[in-house]
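Overview (structure and organization)
Below, each chain spelled out in residue letters.
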Amino acid sequence: VVRAFDQPAEAGKFDAVICVGNSLALAEDLPVVHAALGQMLAALRPGGICIAGVLNLWSLPPGTTVWQKCMRVDYQRADHILLKSIHRCGDQGHVSFVDLDLSRPDLSPRYDAAEVLGIEADDMRAAVDAHGGVEPVFYGSFRFEPYDPQDSGDLILTCRRA
């Protein structure tokens, strides 16, 4: 089941809720993040697990563009170069995407951009505490490395519904 942040799922129906890929950081502000984590916890059966992951914006140098992805891929039966950059401006990040279709003479570039929130562990912990979550643990990667606010590339929360 896929839901928008403002669309509640059926309460107590799921054993697990997963929100990764930095989608939570696309929320318009921290109150929406707080409410979304509340909806995720409400959707869980008692003891169910919630996993939410975002880019740790605080690990990026302010104002500097960081290239995160530069890769050649084959999709839609064509050869593409995908580029993704991010730069931090205060407590927000600006993500830019470029898709170059190498199968076309003009490269047929497609562009997109998005603003992302800088979400901190304390923001997530407050939502967990307020919405009946327990056992919050924070990781700095999907390899279960400890979360370090200055160095970890990711901020990954795992918690359970009480």
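In short, a report on the structure.

1. Regarding the side chain of His-80
Note that His-80 resides in strand 4 (residues 78-89). Taking relative accessible area as the criterion, His-80 reaches 3% and is therefore assigned buried. Within the local environment of His-80, its side chain forms a polar contact with the backbone oxygen of Tyr-75, the two atoms lying 3.4 Å apart. Setting aside anything within four residues of it in sequence, one finds His-80 in contact with Met-71, Arg-72, Val-73, Tyr-75, Asp-99, Leu-100, Asp-101 and Leu-102.

2. Looking at the sheet that holds strand 3 (residues 65-75)
Taken in spatial order, the four strands of this open sheet run 3-4-5-6, and their pairing is antiparallel. Lying at the two open borders of the sheet, with one neighbouring strand each, are strand 3 and strand 6 (110-117). When strand polarity is set aside, the average angle formed by the axes of neighbouring strands in this sheet is 15°.

3. Quick notes on a nonpolar patch on the surface
A cluster of nonpolar side chains, namely Ile-18, Val-20 and Phe-142, defines an oily patch on the protein surface of about 300 Å² accessible area. Its relative accessible area of 60% is what places Ile-18 among the exposed residues.

4. Concerning the packing of aromatic side chains
Summed over all chains, the structure comprises one aromatic pair. A ring pair is formed by Tyr-139 and Phe-144, whose centres lie 5.2 Å apart and whose planes are at 80°; its orientation type is edge-to-face.

5. A look at the sheet that holds strand 2 (residues 44-55)
Within the open sheet, the four strands sit side by side as 1-2-8-7. Their pairing is mixed. The outermost strands of the open sheet, each flanked by one partner alone, are strand 1 (14-19) and strand 7 (133-139). Each strand axis lies, on average, 10° off the axis of its neighbour in the sheet, ignoring direction. Relative to strand 2, strand 1 is paired through five bridges, and the arrangement is parallel.

Conventions we followed
- Residues numbered from 1 in each chain as written.
- Predicted model: local features only at pLDDT ≥ 70, side-chain atom pairs only at ≥ 80, totals over all residues.
- Heavy atoms only, no water.
- Helix = DSSP H or I, 4+ residues; strand = E, 2+ residues; numbered from the N terminus.
- Buried < 20%, exposed > 50% of the residue type's maximum accessible area, 1.4 Å probe, protein only.
- Polar contact = N/O pair within 3.5 Å; in protein donor to acceptor, adjacent residues only side chain to side chain.
- Contact = heavy atoms within 4.5 Å.
- Pairing = 2+ DSSP bridges.
- Axes fitted to C-alpha atoms, helices over the stretch in contact; angles between N-to-C directions.
- Patch = residues over 30% accessible without salt bridge, like charges linked within 9 Å, V, L, I, M, F, W, Y side chains within 5 Å.
- Areas by Shrake-Rupley, 256 points an atom, 1.4 Å probe, with all protein chains shown as cover.
- Salt bridge = Lys/Arg side-chain N within 4 Å of Asp/Glu carboxyl O.
- Phe/Tyr/Trp six-rings, centres within 6.5 Å; stacked < 30°, edge-to-face > 60°.

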